[in-house]
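The primary structure of each chain is shown beneath.
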Amino acid sequence: MPPLMRQILSRVGISLLVLWGASMLIFVIARVIPGDPARVALGPNATAEQVEALSQALHLDRPILIQYGFWLRDLVQGDLGRSLYTNRPVTQDIAEFLPATLELVFVAALLMVALGMPLGILAARYRGRWPDHLIRVLSLLTVSAPAFVWAVVLMLLFAYFLPIFPIAGRLSEEFAIPRVTGFLTIDSLLAGDLAAFADALHHIILPAVALSLSGIGQAARLTRANMIETYDKPYIEMAQAYGFPESRISRTYAFRPSLIPSLTIIGLDIAALLGNAFLVEAVFGWPGLSRYGVQVILRKDLNAIVGTVLVIAAMFLIVNIIVDILTVLLNPKIRHAEKRG
Amino acid sequence: MLRLLKGTASAAALAFLVAGPLAAQGTLRLDEVPVGELDPALATDYADSLLMFNIYDTLVLPAQGAPGHVPHLATGWEIDGATFTFTLREGVTFHSGNPMTADDVVFSIERMQAMGQGLSFLLASVESVEAVDPLTVRVTLAEPYTPFIASLVRVPIVDKATVMANLGEGEGETGDWGQAYLSANSAGTGAYRVVSHNPQEETVMALNPAYFGEVADGAPAEVRLRYGLEPATVRAMIARGEHDISSQWLPPEVMVALADEGAQFFQESGTGAFYIKLNTQKPPLDDVNCRRALAAAFDYTTALAITQITPDVAGGIPSTGAVPVGMFGANPADMALAQDMEAAQAHLANCAHNPADHTLEISWIAEVAIEERFALLMQQNFSALGFNTEIVRVPWVLFTERVTSPETTPHISQVFVTATTGDPDTLLFPMYHSSAAGTWQSPEFLNDPEVDALLEAGRMAADDAGREAAYAALNARLMDLAPTIYGFDRNSVFAASTRVTAPAMTDPAAAFGLDGMGFAFRLMSVTE
């Protein structure tokens, strides 16, 4: 088996163990925090008998270990239980809300990488000059405010005072796209509706920018710092002494080595977008999984809490595996060590 | 006793006369807190009610601008003791095209009872329900219960054939009673049918062209009920003409900003109040004189000012007692409660407890930000009497659990309570009857035989005069016992764009007296 494949399999195995541990942890935490989920689910007018009946139906009257056993049994059958918040299977909720969040996070991640890293390269390339100063100030500004502040500011500036972008939602009312993947940009293309595709892009820009701004700043700062460190290495001085073009030095000799440490942090930042998306989703009326996750926590919707946390944990682990693979591919030292191993 | 209610038919006949051909137009957009529950047997909160009142119909409706009820799916009814016989309207069809018959009514009541969720407690007294013929239904109660007709405004009639054709997994031949299906689809006779439903985003409804009842000229052809929008988003959308009506939960500051930009306000009142509940089992509030002292020391005027939006519009109306103005037994509107520190000191002098020996725990519900301001007001008011106070923020999930026992219930809790059916029985019985103690509505743990007797008299009295007398006596008794500080009568305020007209929420003569019923979209009109 090729070393890379072996490493991927090993990571997947470890990830499954981590997911199992996370499921136990969140299962217990969700149940020990105060509050009766049955009472909350049934609403303010429920009688004590109704509350008791639902508690029994949910096995909440049984010891926590037995409850976990029931949950595991259902999980094996692909059943994450029923959400008390939406009164639907949790799997159905996740299937409905996850694509909206993933689409938003994907565009935000794209912006993070496509803007943050080039800005970092530019700042390092012109270290100590005005482009560097400007980028550093802007990076500091974006990093210093959380995503939800940017969400409100951007909405007010570019949707309210200057009505360039839509205020909320994923698609204008006049479009009705058949749901295939749940990613509206993809579904609109599958439907051959370019106007709907443009409209979906129009809707996603503002929330994606709001979500990615602090990540862009972080990526720029990180890339700049790592590249400056690389620029101080003797081999760069040698390349400069040989008269290599500055663009080549920057791209080939300075950027690539400095990418490896940046990649791990940026990877984690992208995964963290899933959690940070909550307030951006709330401000822009984006029906995603992050917003759903917070609502179910507030209502102590046990099955939905466990299901949502597991999905987000799985996303973290997947991003980590991808980062590990990219690191191996980018770093010849690791690659060759793997081969020797 | 046999009573034939014929007079009510005239109101319905009038409604049919004014109902003309449909001239629907445009889209109405409004928002509520998530999640919108489509299944009427699971409906409990405001968003669910809006859906229920528009997608489904009930046998009766609250009379507009007057007490009592008028026929709706029923054309009339006879009451003989604990037996109610309803005659159904002929020619009404469900969204599926199926005719509405007595079997559907029987099925709807049995479904709610069997599922035992939502507002099924309203049917707890129903012993049997039977279809006498296709257009006659007989309901027998275990004992006479006068507010039963009022309860029917929350019992929507579902299409039995459609539900039975879409049963999910479950026990017996009724499976899941169609829960999974009705949580995503409509099966009613209502003026609107569901086009699409995302419980976290929006429910889209379209006008039912075959609707049997009154539909206003210019009623919206499409309605989009959005969920969980942030106040800043709602404000921006209304200002840009992309949204029409806000929820009632917008902070007053945002309401003020919208008013400055030309928004109008819709209002609903007379169905509930803001109650400050005193734990009567915990010292020092186990002494009636200490409770009376707190009730007299509370600054009612400032509490109302906190809810003020414009000089003319506020989230409350001055309280006159335990019963909101407009209900049976309420005191006149000009008898508004007011702070009286001298009276408070006098009551305190008779209290067995020394206030300095006690720290009053003043709780506020974490999800209702405005309650923190009321808590601070109480802290100021009660400190003036010498009480130590501690303000505690309690999430709703925790609050509902804490109030199940007197020991864990805070000294002081704040809740907005509404009569589920518009009848005082559904407001006062769950709050003050000793058998109902220990819920979010009854953290007073009041145990007073006289109050119990008056509450039972109120629900058993055969006529309006008897009910008025029972609730007036109850009101007086509750004022004397002071288990609660009656903060203010609730006035739900909604900011709306001027393109919408909603007589049921702007004209008291057209108001329904039932929370959420003002949002009967068919009676609204929108301009393009």
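One structure accompanies this document, and this report is about it.

Topic: the overall build of chain B
Item 1. Of regular secondary structure, chain B possesses 17 helices and 19 strands.
Item 2. The C-alpha atoms of chain B give 23 Å as radius of gyration, which agrees with the globular expectation for 528 residues (24 Å, within 12%).
Item 3. In terms of its C-alpha atoms, chain B occupies a principal-axis envelope of roughly 70 × 55 × 45 Å.
Item 4. Considering chain B as a whole, with its 528 residues, one finds that 60% of them fall into the buried category.
Item 5. Looking at chain B as shown, the accessible area adds up to about 18,500 Å², and 52% of this sits on carbon and sulfur atoms.
Item 6. Of the side chains in chain B, 26 bear a positive and 64 a negative charge, and the two mean positions are spaced by 3 Å.

Concerning empty space enclosed by the protein
Residues and elements named next belong to chain B.
Item 1. Applying the stated rule across the entire model yields four cavities of 30 Å³ or more.
Item 2. Looking at the largest cavity, the residues that line it are Met52, Phe53, Tyr56, Asp57, Thr58, Leu61, His72, Val153, Pro156, Tyr211, Met517 and Arg522.
Item 3. Classifying every residue of the lining of the largest cavity by side-chain character gives eight nonpolar, two polar and two charged.

Side note on unusual backbone geometry
Of all residues except glycine, most have a negative phi; of all peptide bonds, most are trans.
Item 1. The linkage connecting Pro283(B) with the following residue, Pro284(B), adopts the cis geometry, with an omega of 5 degrees.
Item 2. With respect to the element layout, Pro284(B) can be found in the loop between β12 (264-278) and α9 (288-297).
Item 3. Its identity is not glycine, yet His59(A) carries a phi of approximately 65 degrees, on the positive side.
Item 4. You can call His59(A) partly exposed: its relative accessible area is 25%.
Item 5. Positioned with a positive phi, Lys300(A) is a non-glycine residue whose angle comes to about 50 degrees.
Item 6. Take Lys300(A): its relative accessible area is 3%, and that puts it in the buried class.

Overview of the interface of chain B and chain A
Item 1. With 44 residues of chain B in contact, the opposing surface of chain A contributes 37 residues.
Item 2. Summing the contributions of chain B and of chain A, the shared interface buries around 3,400 Å²; its carbon and sulfur component is 54%.
Item 3. Three residues stand out in chain B for area buried against chain A, namely Gln200(B), Arg240(B) and Val397(B), and they jointly supply 21% of the buried area on that side.
Item 4. Along the contact surface separating chain B from chain A lie three salt bridges.
Item 5. For Arg224(B), the salt bridge identified is with Glu173(A), shortest N-O distance 3.8 Å.
Item 6. Listed by contribution, the elements that provide at least two residues to the side of chain B that touches chain A are β2 (27-32), α6 (179-182), β11 (222-227), α7 (231-239) and α13 (396-402) of chain B.
Item 7. Here the side of chain B that touches chain A gets six residues from one element, more than from any other, and that element is α7(B).

Conventions used here
- Residues numbered from 1 in each chain as written.
- Chains lettered and ligands numbered in written order.
- Predicted model: local features only at pLDDT ≥ 70, side-chain atom pairs only at ≥ 80, totals over all residues.
- Heavy atoms only, no water.
- Helix = DSSP H or I, 4+ residues; strand = E, 2+ residues; numbered from the N terminus.
- Rg over C-alpha atoms; globule rule 2.2 N^0.38 Å.
- Buried < 20%, exposed > 50% of the residue type's maximum accessible area, 1.4 Å probe, protein only.
- Areas by Shrake-Rupley, 256 points an atom, 1.4 Å probe, with all protein chains shown as cover.
- Lys, Arg positive; Asp, Glu negative; His and termini not counted.
- Charge placed at Lys NZ, Arg CZ, Asp CG, Glu CD.
- 1 Å grid on protein atoms, 1.4 Å probe; cavity = no way out; pocket = protein on both sides within 12 Å on 5 of 7 lines; lining within 4 Å.
- Points joined across faces, edges and corners; volume = space filled by probe spheres on them.
- Nonpolar A, V, L, I, M, F, W, Y, C, P; charged D, E, K, R; others polar.
- Contact = heavy atoms within 4.5 Å.
- Buried area = accessible area lost by both parts, 1.4 Å probe.
- Salt bridge = Lys/Arg side-chain N within 4 Å of Asp/Glu carboxyl O.

That's the geometry; what it means functionally is another story.
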